[in-house]
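Breakdown of the fold
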Amino acid sequence: MEKPAIELELQRKNYDAALTRLEKISNQFESKVAYLARRAEILEQAGRKDEARQAYTAALQLIEALPKVERTAMS
């Protein structure tokens, strides 16, 4: 139910509300990587480049920490 609301908030350019809603459903993502990537995308849309870069970097660090077999499965 929150995912459509997030998209609506993004259409309205209400990025803080979209991020708040995303946080509420963070435990519903298959992986923390997926959550961080989505968060980074929203931050990027909001023009918050430094925060977006941090979220992308955190996602990349999680990917790099995975065993090679799991990293290969993600690509």
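Each value, and the rule that gives it
Residues numbered from 1 in each chain as written. Predicted model: local features only at pLDDT ≥ 70, side-chain atom pairs only at ≥ 80, totals over all residues. Heavy atoms only, no water. Helix = DSSP H or I, 4+ residues; strand = E, 2+ residues; numbered from the N terminus. Buried < 20%, exposed > 50% of the residue type's maximum accessible area, 1.4 Å probe, protein only. Contact = heavy atoms within 4.5 Å. Areas by Shrake-Rupley, 256 points an atom, 1.4 Å probe, with all protein chains shown as cover. Axes fitted to C-alpha atoms, helices over the stretch in contact; angles between N-to-C directions. Parallel < 35°, antiparallel > 145°, perpendicular 65-115°, else oblique. Nonpolar A, V, L, I, M, F, W, Y, C, P; charged D, E, K, R; others polar. Polar contact = N/O pair within 3.5 Å; in protein donor to acceptor, adjacent residues only side chain to side chain. Salt bridge = Lys/Arg side-chain N within 4 Å of Asp/Glu carboxyl O.

This part is about the overall build of the protein chain. Check the secondary structure of the protein chain and you find 5 helices and 0 strands. The order of helices and strands in the protein chain, counted from the N terminus, is α-α-α-α-α. Along the three orthogonal principal directions, the C-alpha set of the protein chain runs to about 40 × 30 × 15 Å. Looking at the protein chain residue by residue over its 75 residues, the buried ones come to 28%. Counting only contacts in the protein chain whose residues sit at least 6 apart along the sequence, the fraction spanning at least 24 positions is 31%. Summed over all atoms, the accessible surface of the protein chain reaches about 5,400 Å², with 51% contributed by carbon and sulfur.

Packing of helix 2 (residues 15-24) against helix 3 (residues 32-45) leaves a shortest axis separation of 10 Å and a crossing angle of 175°. Our classification of the angle between helix 2 and helix 3 gives roughly antiparallel. Residues Tyr 15, Ala 18, Leu 19, Leu 22 and Glu 23 of helix 2 form the contact with helix 3, whose own contacting residues are Tyr 35, Arg 38, Arg 39, Ile 42, Leu 43 and Gln 45. Split into classes, the residues belonging to the contact of helix 2 with helix 3 amount to 7 nonpolar, 1 polar and 3 charged.

Turning next to the side chain of Glu 9. With respect to the helices and strands, Glu 9 occurs in helix 1 (residues 2-11). Within the structure, Glu 9 has its side chain in polar contact with the side chain of Arg 21 (distance 3.3 Å).

What follows is about the pattern of salt bridges. Scanning all chains against the criterion turns up 7 salt bridges. For Asp 16, the salt bridge identified is with Arg 48, shortest N-O distance 2.8 Å. You can see Asp 16 sitting in helix 2 and its partner Arg 48 sitting in the loop between helix 3 and helix 4 (49-65), a full 32 residues away along the chain. Under the relative-accessibility criterion, Arg 48 is labelled partly exposed at 27%. In this structure, Glu 51 and Arg 48 form a salt bridge, with 2.8 Å as the shortest nitrogen-oxygen distance. Looking at Glu 51, the relative accessible area reads 29%, which means it is partly exposed.

Don't take any of this as a statement about function, it's just geometry.
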